[in-house]
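Take a look at the letters that make up each chain.
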Amino acid sequence: MTAAAVGAGTGLALDRVALTRHGQPLLALSLEVPPGEVVTVMGPSGVGKSTLLLHLCGLLPPGFRATGRVRLDGRDLDRVAPEVRRVGLLFQDDLLFPHLSVGGNLAFAVPRTVGGRAARRARVEAALADADLAGFADRDPATLSGGQRARVAVMRVLLSEPRLLLLDEPFGRLDAALRARFRAFVFTRARERALPTLLVTHDAADAAAAGGPVVTLVPQSYQT
Amino acid sequence: MGVAPRRWLGVAPALTLVVMLGPVAAGLAGVVLPAFGYLPALGGDRLTLEPWQALAAEPGLWRSIRLSLTVGLATTLVALAAVVLFCAAWHGTRLFRAVERALAPVLAVPHVAAAVGLAFLIAPSGFLVRLMSPWATGFERPPDLLILNDPDGLALMAGLVIKEVPFLLLMVLSALTQTNAARLIAGVRTLGYGRTVGWLKAVLPQIYPQIRLPVFAVLAYGTAVVDTALILGPTTPAPLAVRLFGWAHDPDLALRFQASAAAVLLLGLVAAAIGLWLALERPVAWLGRRWAEGGGRFADDRVVRWVAALPVAGCVVLVGAGILVLGLWSVAGLWRFPAALPDGWTLATWAHQADDLVRPVATSFALSATAAVIALGLAVGCLEHAVARGAGQGGRRSGWDGGGWLVYLPLLVPQVAFLFGVQVLLARVGGDQTWPAVVWGHLVFVVPYVLLALGEPYRAWDARYGQVARGLGAGPMRVLFAVKLPMLLGPLAIAAAVGFAVGIGQYLVTVLIGGGRFATVTTEAVVLAAGGDRRLIGVYAMVQMLLPLVGFTVALALPAWVWRRRRGLGGGGER
């Protein structure tokens, strides 16, 4: 069913994507992520996992080069500007904008196509309610607990109506009890929205919880 | 959307290059030909060595040259030694952090105000002699001693050192943040080394390459200084830069040829001073390595450490006390000689000057604020461009991102030499004595300091905020204006205040390019300093010092007020 879904033109497809850093090969892989599925990418530090995610965002840092094709829902992403790709990115740190309120952070993500203050505000309130944070709109993000901030960060990404979700070790900072609940929180919402999701992690428990295929990267220089 | 900002960014470094270095290059070009007699506007239409012969015939020229070199090299050596010793002895202690906090206000004091304050302290009729008279010295009237303007330039060197020490200290602090100094020093101390010697042997070799350009800037400044030298320096003869300045705005236009030759000579002197310093670096480094390999521990360095604290503490105290005395004079009633304090207090001097102060204050403010705002725009453009190109990653710095050598170039060329050339060139096209020309002249010095102040925090900004925002659908311009710049409001305000303070302190630019038409608090203060009315001098020097202080106060208050509800940006108390 995996191949069928991607073949039908939905989900993410990487076709012989290879990254180089200052000309040195970094990683090369092909994979497919159908809607609603979580594919986990594992591998040692420095193998280029995070760089791969940035490449999918269209934000490859200077010094890196990429080849191969990246398709999302059947369309080539190569020449699409990062801000119109609709690729949501979550890091280990919540990276809530410290100068905006919780509601301001969420409103930042609501697409411009949602017109009118009231309609935008309604989206924000609904997202807060979904994250058990109703009434938090006017709070300063710095006054929230780590778990609350992490949930706001997820809702901020989802409000931007992404077509692809990229997770760069998003559970690493949380303690064990919180981590299991937060994982469920993220994966449930990704599945509800039928989002293809790519998870980068060091933690085998993350991969197990994701339930999808696991791709393990090895440094290019060790390969023959 | 993605193309327009990139194109805009590509323009920023080029524009900054033109703004910052254009006048320097043009100015130097503008003195070279007249130095060999070619200046058709003044009837010089053939190449000749006459300007050099005229220059060589000036009485006391060799003394002037020797003075310039001595002042430059000695102030740099003393200031650097004081800063290095202090950091070696006290890095990582409470006293060190206290001095770190006192640094910003001391740095904000303009050279002229600091020099006048020092003069009021150490003059024969100054505060220090008054404090000790007549009970200790027996003086009933000011002693007939040549303390200020002494022929060897000692007062001038002191006036320079008290301002260069805080500058170099700031540079060492910034270098320390990029070095793993704390771990290094811990490692060395476990090997049995004392704090001071351990720092000198292990940390200094890593710090010095990073502060080399600032050291050269100090060297160039001291060799070619004019404003401080007019107040504290010798007059018979004066250092070369001061004499060049005199010839450059002498009503006798024929002196312009000789002034051009002197400008070229001064450029050579600065180059020679830097060359000499470079030549001495290697043997000193070799001796240092031998000393380090010798293995001396000097574990008990308590006495040394207290001695090492004296020069830096002395500078801070001298600048502070000088300002205090300036303030005293500005509100002093009758103040007879041996009395330590005035007989009475009055605001009459301030009241009398209030009307006359409005124009210079307004001119100073407008010039410096305009220059600071333009410089801030250029700096943001340059730094964005550098970040976009990946400069600064892995410790590499391009010429533009706030740490590279290009930024220091305007600070390494003697001001009076190229400004005089600019004046000659502008006079030909009739562009001198205009607002844009004077603002541009200010930018030459304001841009480097704004770039230096903004570079560090700009590079430190977590780029992932931008990546997340792009993923949320924000274009590059929205990321810059809605996320990055608001988050960097604090550093931006400080950088603007630094630019404003540098602008307020400018003397030569205003006089040479403004052709005497622009009276600022700084030009007025220098003019008054030559006279004897201490109350008046006190008022102008206080105003000159207060303007940058107001700038820094606003720079600290504005972000704190805007983000008062945002703990993540420093509002609402400590986290």
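Residues numbered from 1 in each chain as written. Chains lettered and ligands numbered in written order. Predicted model: local features only at pLDDT ≥ 70, side-chain atom pairs only at ≥ 80, totals over all residues.

A.B. asks: Explain helix α16 (residues 415–429) of chain B to me, please; I cannot follow it from the model alone.
C.D. replies: An α-helix turns once per 3.6 residues; consequently, residues spaced three or four apart project the same way. All names here are of chain B. The end-to-end C-alpha separation of α16 is 21 Å, in line with the 21 Å expected for 15 residues at 1.5 Å each. Within α16, eleven of the 15 residues are buried, which leaves the element mostly enclosed by the surrounding structure. For α16, the complete set of buried residues consists of Gln 415, Val 416, Ala 417, Phe 418, Leu 419, Phe 420, Gly 421, Val 422, Gln 423, Val 424 and Leu 426. Looking at the residues trailing α16, positive phi occurs at Gly 430, about 70°. (Helix = DSSP H or I, 4+ residues; strand = E, 2+ residues; numbered from the N terminus. Expected span 1.5 Å × (residues − 1). Buried ≥ 20, exposed ≤ 12 C-beta atoms within 10 Å, placed from the backbone.)

A.B. asks: Any chance you could explain the sheet that holds strand β5 (residues 75–76) of chain A here in plain terms?
C.D. replies: Sheet strands pair by backbone hydrogen bonding; their relative direction is either parallel or antiparallel. Residue and element names in this part refer to chain A. If you walk across this open sheet you meet the four strands as β2-β1-β4-β5, and the pairing is antiparallel. If you trace the sheet from one side to the other, it starts and ends with β2 (24–33) and β5, each paired once. Pairing of strand β4 (residues 64–72) with β5 involves two bridges; the strand directions are antiparallel. Within β5, the position partnered with Arg 71 by the bridge is Asp 76. (Pairing = 2+ DSSP bridges.)

A.B. asks: So what exactly am I meant to see when it comes to the domain arrangement of chain B here?
C.D. replies: As a measure of interface size, the accessible area lost when the parts come together is often cited. All names here are of chain B. Taken domain by domain, chain B holds domain 1 (1–33 + 355–390 + 398–565) and domain 2 (49–346). Between the C-alpha centres of domain 1 and domain 2 the distance comes to 24 Å. Residue-level contacts link 36 residues of domain 1 with 39 residues of domain 2. Broken down by secondary-structure element, the contributors of at least two residues to the side of domain 1 that touches domain 2 are α1 (3–35), α15 (405–412), α16, α20 (489–505), α21 (508–514), α22 (521–529) and α23 (534–562). Considering each element in turn, the side of domain 1 that touches domain 2 owes the most residues, twelve residues, to α23. Residue classes in the side of domain 1 that touches domain 2 are distributed as 27 nonpolar, six polar and three charged. (Domains from an automatic or database assignment. Contact = placed C-beta atoms within 7 Å. Nonpolar A, V, L, I, M, F, W, Y, C, P; charged D, E, K, R; others polar.)

A.B. asks: Honestly, the interface of chain B and chain A in this entry has me stumped. Any pointers?
C.D. replies: Listed as interface residues are 24 residues of chain B and, on the opposing side, 27 residues of chain A. Within the residue set of the side of chain B that touches chain A, elements represented by two or more residues are α18 (463–471) and α19 (476–487) of chain B. The greatest single-element share of the side of chain B that touches chain A, amounting to six residues, is contributed by α18(B). Looking at the side of chain B that touches chain A residue by residue, the class counts come to ten nonpolar, seven polar and seven charged.

A.B. asks: I tried to follow unusual backbone geometry on my own but got confused; where do I start?
C.D. replies: In most cases, non-glycine residues show a negative phi, while peptide bonds are predominantly trans. That bond from Ser133(B) to Pro134(B) is cis: its omega, -5°, falls within 30 degrees of zero. Of the consecutive residues Thr236(B) and Pro237(B), the connecting peptide bond is found in the cis state with omega at -5°. In this structure, Pro237(B) sits in the loop between α10 (227–232) and α11 (240–248). A positive phi angle is found at Asp73(A), which is not glycine, with a value near 50°. Along the polypeptide, Asp73(A) turns up in the loop between β4 and β5. Judged by local crowding, Asp73(A) falls into the partly exposed class, with 17 C-beta atoms found within 10 Å. Even without being glycine, Ala194(A) reaches a positive phi, approximately 55°.

A.B. asks: Quick question: what am I supposed to make of the packing of helix α4 (residues 102–109) of chain A against helix α5 (residues 117–130) of chain A here?
C.D. replies: Angle between the axes and distance between the axes are the two parameters that describe a pair of packed helices. Residue and element names in this part refer to chain A. Viewed as axis vectors pointing N to C, α4 and α5 meet at an angle of 115°, and their least axial separation amounts to 9 Å. Judged by the twist between their axes, the crossing of α4 over α5 is right-handed. On α5, the residues that touch Gly 103, Leu 106 and Ala 107 of α4 are Arg 120, Val 124 and Ala 127. For the contact of α4 with α5, the residue count by class is four nonpolar, one polar and one charged. (Axes fitted to C-alpha atoms, helices over the stretch in contact; angles between N-to-C directions. Left-handed = near helix turned anticlockwise from the far one by under 90°.)

A.B. asks: Before we go on, may I ask you to explain the domain arrangement of chain A in this structure?
C.D. replies: All names here are of chain A. We note that the domain assignment places domain 1 (2–86 + 162–222) and domain 2 (98–161) within chain A. For domain 1 and domain 2, the distance between their C-alpha centroids amounts to 25 Å. Of all the elements, helix α7 (residues 176–192) adds the most residues to the side of domain 1 that touches domain 2, at five residues. Broken down by class, the residue content of the side of domain 1 that touches domain 2 amounts to seven nonpolar, no polar and four charged.

A.B. asks: For this particular structure, what's the right way to read the confidence of the model for chain B?
C.D. replies: Keep in mind that low pLDDT regions are not for reading the predicted coordinates in detail. Residue and element names in this part refer to chain B. Of the residues in chain B, 95% have a pLDDT of 70 or more, and the chain-wide mean is 89. No element of chain B has a lower mean pLDDT than α1, at 81, and none a higher one than helix α3 (residues 61–90), at 96. The low-confidence segment residues 391–399, where pLDDT is below 50, has 16 contacts with residues more than four positions distant or belonging to other chains. Among the prediction metrics, the complex's ipTM stands at 0.90, with pTM recorded as 0.89. (pLDDT = per-residue confidence, 0-100.)

A.B. asks: Explain the sheet that holds strand β7 (residues 164–168) of chain A to me, please; I cannot follow it from the model alone.
C.D. replies: Residue and element names in this part refer to chain A. Across the sheet, five strands lie side by side as β6-β7-β8-β3-β9; this open sheet has parallel pairing. One side of each edge strand has no neighbouring strand; the edge strands of this open sheet are β6 (87–90) and β9 (214–216). Strand-to-strand twist across the sheet, computed as the mean angle between neighbouring axes with direction ignored, equals 20°. Taken together, the three bridges between strand β3 (residues 38–42) and β9 define a ladder with parallel strand orientation. Pairing of Val 41 across the sheet is with Val 215, part of β9.

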